[in-house]
Amino acid sequence: MLSYEAARAKVIDVICARRCAPPPPTETIEFADDPSRVLGRIVAEDVRADRNYPPFNRSTRDGFALRAADAAQPGAKLRLIGESRAGVPFGGLVEPGTCVQIMTGAPLPRGANSIVMNEYARIEGESVVMEQAAREGAHFILEGQETRVGESVIARGKRLSYAELAIAAQVGRTRLVVAKKPRVAILSTGDELVAMDQTPAKYQIRNSNNVSLAAQVALAGGEPVMLGTAPDNLAELRAHIERALEADVVALTGGVSVGKYDLVEQVLREMGAEFYFDAVAIRPGKPAVFGFCHGKPVFGLPGNPVSTMVTFELFVVPAIELLSGHQPDPLALLKAKLAHPLNEKPPLAHFLPARVSWPEGEAVVEAIHWEGSGDIGSLVKGNCFLVVHEAKLVYAAGEMADVLPRRGLF
Ligand code: AMP
Ligand code: MG
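Residues numbered from 1 in each chain as written. Chains lettered and ligands numbered in written order. Predicted model: local features only at pLDDT ≥ 70, side-chain atom pairs only at ≥ 80, totals over all residues. Heavy atoms only, no water.

Considering the overall build of the protein
Using the following cut-off: Secondary structure follows DSSP: runs of H or I at least 4 residues long count as helices, runs of E at least 2 residues long count as strands, and numbering of each begins at the N terminus. As a reference, a globule follows 2.2 Å times the number of residues to the power 0.38, and the radius of gyration itself is taken over C-alpha atoms. Throughout, exposure labels follow a simple rule: accessible area from a 1.4 Å probe, protein chains only, divided by the maximum for the residue type, with under 20% read as buried, over 50% as exposed, and the rest as partly exposed. Contacts are assigned to residue pairs that have any heavy atoms within 4.5 Å of one another. For every accessible area listed, the method is Shrake-Rupley and the probe measures 1.4 Å; residues are considered covered only by the protein chains on display.
A tally of helices and strands in the protein yields seven helices and 28 strands. For the protein, whose C-alpha radius of gyration is 30 Å, the value lies well above the compact-globule estimate of 22 Å for 410 residues. Taking the principal axes of the C-alpha coordinates as reference, the protein spans close to 95 × 50 × 40 Å. For the protein, the proportion of its 410 residues judged to be buried stands at 46%. At a minimum sequence separation of 6, the contacts of the protein that also span at least 24 residues come to 70%. Split by element, the accessible area of the protein, about 19400 Å² in all, is 52% carbon and sulfur.

Spelled out as structure tokens, the structure:
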């Protein structure tokens, strides 16, 4: 059985080998009136600087622009000949023996090669006394020092967050070419399921996986395609899966264990699917299935809600990222101090519902009591998963452990 790391690497390798060659379809989005329209999208072009940044030699302090040689020693007294402020430069030349008052963000006047900060200067009538020696090159940034015209400021494949949008704005890009969101078909299987807006009979349960999956798809940058529930019979399951295969990725839940009514793998096999794994050494989530069917990546996630959530995060998120032209990052695990001892059973890795907090500044994690992988409430009491690797299952209180944050929470 594959470890979760190996299974995740398998998803990435197989999708790259089979699907990465054609770049993802793209769309151009105009966002000047609503930047949230491109937030989180994957940029599908190299965004380049339209000019040098800064576009002029820019002051980084409030102070006085001068020739450094004029204030080689503290105590130099220079004649004040004008000011330069952001947006309104000083038009003249800083001649020997003179200085210009300058504000942060203002252009360094011609002739000057240094700035002495306000804190070290004192105005005396028409002059300024520099209480500190000036240093050539101090407190300004040269034109083009941050970015040269034509240089890439956002690399293709980067996810657009607020800093990326700020730089797009800086270089005057009101529209960006981004990858189309991969469409992820979401289909739950199970005769016991009713839709969330229906009243279940005693032995029925509401379909919550479709809802959590839609949220997880959106958080990962995909577009959920809600296909409801398929019953546990071969013919109807097949018809539903055929519809699901119209999307770019298929995420099925339930019906992947070894029970008499666990039919997903059988149906997929009959449809010609090729499987890369059908079990992973994790709890929850062991029966997770990954294959390709009709050229599309298909995930059969176990139906228990916590298993569905964990396996989606581990295996489906990288698929969505790859199909949007974004290279998946390694799983972003944090380190936190365990609030209690742990002793988990071999031979699996465990993803336990947990809560991380920072009571005294340092991250502390505590597992939350749970009744197994059907217990959604245990997750809601926390904010992360405590990851217990197969290689180390026993911990003393106070040892450092790995934490997988719940996507979107922090
Ligand atoms: P299965 O993987 O089909 O054996 O389902 C395992 C458990 O998860 C059963 O208790 C199911 O009732 C439950 N389950 C399956 N699918 C869903 C779903 N879509 N929403 C909520 N619970 C589910
Ligand atoms: Mg089932």
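Considerations on the packing of aromatic side chains
Put simply, the test is: Side-chain rings of Phe, Tyr and Trp (the six-membered ring for Trp) are treated as a pair once their centres are within 6.5 Å; stacked means planes under 30 degrees apart, edge-to-face means over 60, and tilted covers the remaining angles.
All told, the structure shown has eight aromatic pairs when counted by the stated rule. Note on Tyr-276 and Phe-292: the rings are 6.4 Å apart at their centroids and 85° apart in plane angle, and the pair reads as edge-to-face. Of the two residues, Tyr-276 sits in strand E18 (residues 274-277) while Phe-292 sits in strand E20 (residues 289-293), which places them 16 residues apart along the sequence. Among the residues examined, Tyr-276 registers a relative accessible area of 22% and is labelled partly exposed. Between the aromatic rings of Phe-290 and Phe-299, the centroid separation amounts to 5.0 Å while the plane-to-plane angle is 20°, which identifies the pairing as stacked.

Some remarks on the sheet that holds strand E5 (residues 76-84)
Within a sheet, each strand pairs with its neighbour through backbone hydrogen bonds, oriented either parallel or antiparallel. Selection criterion: Whether two strands pair comes down to DSSP finding at least two bridges between them. Every axis corresponds to a line fitted to the C-alpha atoms, with the helix fit spanning only the stretch in contact, and the corresponding angles, defined between N-to-C directions, vary from 0 to 180 degrees.
The six strands lie next to each other as E7-E4-E6-E5-E9-E8, forming an open sheet whose pairing is mixed. The two strands at the open ends of the sheet, each matched to only one other strand, are strand E7 (114-117) and strand E8 (121-124). If you compare each strand with its neighbour and ignore which way they point, the axes differ by 40° on average. Judged from the four bridges that link them, strand E4 (residues 63-66) and strand E6 (residues 98-102) form a sheet pairing that is antiparallel. Its bridge partner being in E6, Phe-64 is matched across the sheet by Gln-101.

Concerning the domain arrangement of the protein
What counts is decided by this rule: An automatic or database domain assignment supplies the residue ranges for each domain.
When its domains are assigned, the protein resolves into domain 1 (4-20 + 181-323), domain 2 (26-51 + 155-179), domain 3 (58-141) and domain 4 (334-405). Here the C-alpha centroids of domain 1 and domain 2 sit 31 Å apart.

Some details on helix H4 (residues 234-244)
Note the threshold: The arc in question is traced by the directions running from the helix axis to the C-beta atoms.
What H4 keeps buried is the set Leu-237, Ile-241 and Ala-244. The arc that holds the buried residues of H4, viewed along the axis, is 50°, so those residues lie on one side. Residues of H4 that are buried in the fold lie against strand E13 (183-189), strand E16 (223-230), strand E17 (249-253) and helix H5 (264-270).

Comments concerning the nonpolar core
In plain terms, the rule: As used here, the term nonpolar core means buried Ala, Val, Leu, Ile, Met, Phe, Trp, Tyr and Cys residues forming a set that is joined through side-chain atoms within 4.5 Å.
Grouped together as the largest cluster of nonpolar side chains are 57 residues, with contacts concentrated most on Tyr-4, Phe-299, Phe-315, Phe-351 and Leu-386. With 12 residues, helix H6 (residues 305-323) is the largest single contributor of residues to this core. Each of domain 1 (4-20 + 181-323) and domain 4 (334-405) accounts for three or more of the residues forming this core. Ignoring any residue separated from it by four or fewer positions in sequence, one finds Leu-386 in contact with Leu-338, Leu-342, His-350, Phe-351, Leu-352, Ala-354, Val-365, Ala-367, Ala-401 and Asp-402.

Quick notes on the sheet that holds E20
The mixed open sheet is built from six strands, whose spatial order is E16-E13-E17-E21-E20-E18. For this open sheet the edge positions go to E16 and E18, each flanked by a neighbour on one side alone. Neighbouring strand axes in the sheet, compared pairwise and without regard to direction, differ in orientation by 20° on average. Pairing of E13 with E17 involves five bridges; the strand directions are parallel. Bridge pairing in E17 places Ile-186 opposite Ala-251. The strands that helix H1 (residues 4-19) touches are E18, E20 and strand E21 (296-301); relative to E20, the one it contacts most, it runs at about 10°.

What to know about unusual backbone geometry
The step from Tyr-53 to Pro-54 runs through a cis peptide bond, and the omega angle for that step is -5°. Checked against the element boundaries, Pro-54 lands in the loop between strand E2 (47-48) and strand E3 (58-59). The residue after Arg-283, namely Pro-284, is reached through a cis peptide bond having omega 0°. Among the structural elements, Pro-284 can be located in the loop between strand E19 (282-283) and E20. Residue His-139 is not a glycine yet carries a positive backbone phi of 70°. In this structure, His-139 sits in the loop between strand E9 (127-130) and strand E10 (140-141). Among the residues examined, His-139 registers a relative accessible area of 22% and is labelled partly exposed.

Focus on the site of ligand 1
In plain terms, the rule: The nearness test applies per residue and asks whether one of its heavy atoms lies within 4 Å of the molecule or strand. We call two N or O atoms a polar contact when they sit within 3.5 Å, provided that within protein one can donate a hydrogen and the other can accept it, with sequence-adjacent residues counted only if both atoms are side-chain atoms. Three categories are distinguished: nonpolar for Ala, Val, Leu, Ile, Met, Phe, Trp, Tyr, Cys and Pro, charged for Asp, Glu, Lys and Arg, and polar for the others, with Gly belonging to the last.
Taken together, 15 residues surround ligand 1, and among them Ser-188, Glu-192, Asn-207, Gly-255 and Gly-303 come closest. Residue Ser-208 places a main-chain N or O atom 3.1 Å away from a nitrogen atom belonging to ligand 1. At 2.9 Å, a backbone N or O of Gly-255 approaches an oxygen atom of ligand 1. Against a free-state accessible area of 490 Å², the protein chains account for coverage of 78% of ligand 1. Per-class residue counts for the shell around ligand 1 are three nonpolar, nine polar and three charged.

Brief notes about the side chain of His-350
Here His-350 is to be found in strand E24 (residues 349-357). Side chain to side chain, His-350 and Glu-344 meet in a polar contact 3.4 Å long. Within the local environment of His-350, its side chain forms a polar contact with the backbone oxygen of Lys-345, the two atoms lying 2.8 Å apart. Not counting the four nearest positions on each side in its chain, His-350 is found in contact with Arg-283, Glu-344, Lys-345, Leu-386, Val-387, Val-388 and Leu-393.

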